[in-house]
Amino acid sequence: MSSQKKRSLTGLKPTGNLHLGNYLGALKPALELSKNYNCIYFIADLHSLTQNRDAEALASQTLDQVATWLALGLDTDKHTLFRQSDVPSVTELTWYLSCVTGHGLLEKAHAFKDATAKGQEVNMGTFSYPVLMAADILLYDTDIVPVGKDQKQHVEMARDMAGSLNATYGELLKLPEPLIQEEVMTIPGLDGRKMSKSYGNEVPLFCDEKSLRKKLMSLKTDSTGLEEPKELAGTTVGELFALFATTTQYEDLAVRLAKGGMGWGHAKEELFVAVNEHVKEMRDRYNEYRKDEPLLRKELAKGAEKAQSVASQTIARVRYAVGLR
Ligand code: ADP
Ligand code: TRP
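Fair warning: this is a prediction, and the values are worked out from it, not measured in the lab.

A. Main features of the pairing of strand S1 (residues 7–12). With five of six residues buried, S1 lies mostly within the body of the structure. Between the parallel pair S1 and strand S2 (residues 38–43), the chain is carried across by helix H1 (residues 20–32), and the sense of this crossover is right-handed.

And the structure:
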């Protein structure tokens, strides 16, 4: 991890099949930052334990994520890719932060408030989720954290916690900044709502061609008859097509639809071709990487070593400052 460039940190939980929303809304923008930042990417496996109870799935999804980052072109020599649990001092820092963090701050967290409002039982992991996330960020002297609007509050909380520890023990931790990438869009799912696993409306990023086609053909459209003219703009097909096709392809399809005599089924077929073209090479690379578990584990070991070299300095500094000498 060279020190000239500012450091960016991205964490992603190893949950289920990644979908096109995760790809365009999180993975791709995070990788774009690697041009200007010294980037750390990590698989937030400890965070997923607040909900995940399937050990086999967690282990396998962790490797899925490593293969995904590699398939998308992450250069692990220039940047760092590691698994959160490979650097156990993150849970130690979580404790030091917990001891200077008020219960009231965590009660303000959106996830906790939402769960409580729904009358759900909240486990302690979910309650202190923002403290573990703050530890992730602060352990690696992070300058910026690229986040969607939903995660901004967590970065602000990390700043608060760092501020509390610094106020008590001296300047120990760097205060991170959230980076909201305004150009990052919310990707619609098959039913027009935000694409999300929780709505079951997602299109997987890496599934075989046949399943991808089937998924996209199941996209909900209106029931305008085949002969009638149709407007592409403002429809889910149109929104998705705009993301994967060229401007010329988009305009061409819009013109043909507007003339009438073309059904949504044909448009969805073209959407499939565009998405498939876009993901094809990445998918092939993904499948190759995913088969090679020794390579994926070697990547994890390499990342763990790099992450550990930064973390060990931070944790030594904090241990000394709090009086654990
Ligand atoms: P899901 O809603 O499917 O459970 P997550 O909440 O696990 O997805 O999201 C992981 C990352 O992907 C987050 O950074 C989130 O902002 C991004 N993301 C998820 N769905 C979308 C979407 N439809 N459009 C843009 N970004 C998305
Ligand atoms: N909470 C993030 C999410 O649900 C994942 C995450 C954990 C993270 N630790 C992080 C993101 C640190 C950025 C920085 O998507």
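On we go.
B. The arrangement of the pattern of salt bridges in detail. Within this structure, the stated rule accounts for 19 salt bridges. Where Arg83 meets Asp86, a salt bridge forms, and the shortest distance between an N and an O atom there is 3.1 Å. Measuring nitrogen to oxygen at the nearest pair gives 2.8 Å for the salt bridge that ties Arg256 to Glu270. On the criterion of sequence distance, the pair formed by Arg256 in helix H12 (residues 247–259) and Glu270 in helix H13 (residues 264–291) is long-range, its members being 14 residues apart. We classify Arg256 as partly exposed; its relative accessible area is 28%. Three or more residues joined by partner-sharing salt bridges are found here, namely Asp64, Arg290, Glu293 and Arg297.

C. Highlighting the packing of H12 against H13. Between H12 and H13, the shortest axis-to-axis distance is 11 Å and the interhelical angle comes to 170°. It follows that H12 is roughly antiparallel to H13 by the angle criterion. Between H12, through Leu253, Arg256 and Leu257, and H13, the contact on the second element is made entirely by Trp264, Ala267 and Glu270. A class-by-class count of the residues in the contact of H12 with H13 yields four nonpolar, no polar and two charged.

D. Structural context of the side chain of Asn166. In this structure, Asn166 sits in helix H9 (residues 149–169). Here Asn166 is in contact with Glu171, Leu172, Leu173 and Leu175, once residues within four sequence places are set aside.

E. Region of interest: the site of ligand 2. In the neighbourhood of ligand 2, the contacting residues comprise Leu9, Gly11, Lys13, Phe42, Ala44, His47, Tyr129, Met133, Asp136, Ile137, Val145 and Gln151. A distance of 2.7 Å separates a nitrogen atom of ligand 2 from a polar atom in the side chain of Tyr129. At 3.0 Å from a nitrogen atom of ligand 2 is found a side-chain nitrogen or oxygen belonging to Gln151. Protein chains bury 89% of the 370 Å² of accessible surface belonging to ligand 2 in isolation. Residue assignment for the shell around ligand 2 shows that the elements contributing at least two residues are S1 and helix H8 (129–139). At four residues, H8 tops the list of elements feeding residues into the shell around ligand 2.

F. Main features of the environment of Leu205. Locating Leu205 in the fold gives a position in the loop between strand S5 (177–179) and helix H10 (209–217). Judged by its relative accessible area of 2%, Leu205 is buried. Note: C-alpha distance between Leu205 and Gln51 (154 residues apart in sequence) is 23 Å.

The rules behind the values
Residues numbered from 1 in each chain as written. Chains lettered and ligands numbered in written order. Predicted model: local features only at pLDDT ≥ 70, side-chain atom pairs only at ≥ 80, totals over all residues. Heavy atoms only, no water. Buried < 20%, exposed > 50% of the residue type's maximum accessible area, 1.4 Å probe, protein only. Helix = DSSP H or I, 4+ residues; strand = E, 2+ residues; numbered from the N terminus. Right-handed = clockwise from strand over helix to strand, strands pointing away. Salt bridge = Lys/Arg side-chain N within 4 Å of Asp/Glu carboxyl O. Axes fitted to C-alpha atoms, helices over the stretch in contact; angles between N-to-C directions. Parallel < 35°, antiparallel > 145°, perpendicular 65-115°, else oblique. Contact = heavy atoms within 4.5 Å. Nonpolar A, V, L, I, M, F, W, Y, C, P; charged D, E, K, R; others polar. Near = heavy atom within 4 Å. Polar contact = N/O pair within 3.5 Å; in protein donor to acceptor, adjacent residues only side chain to side chain. Areas by Shrake-Rupley, 256 points an atom, 1.4 Å probe, with all protein chains shown as cover.

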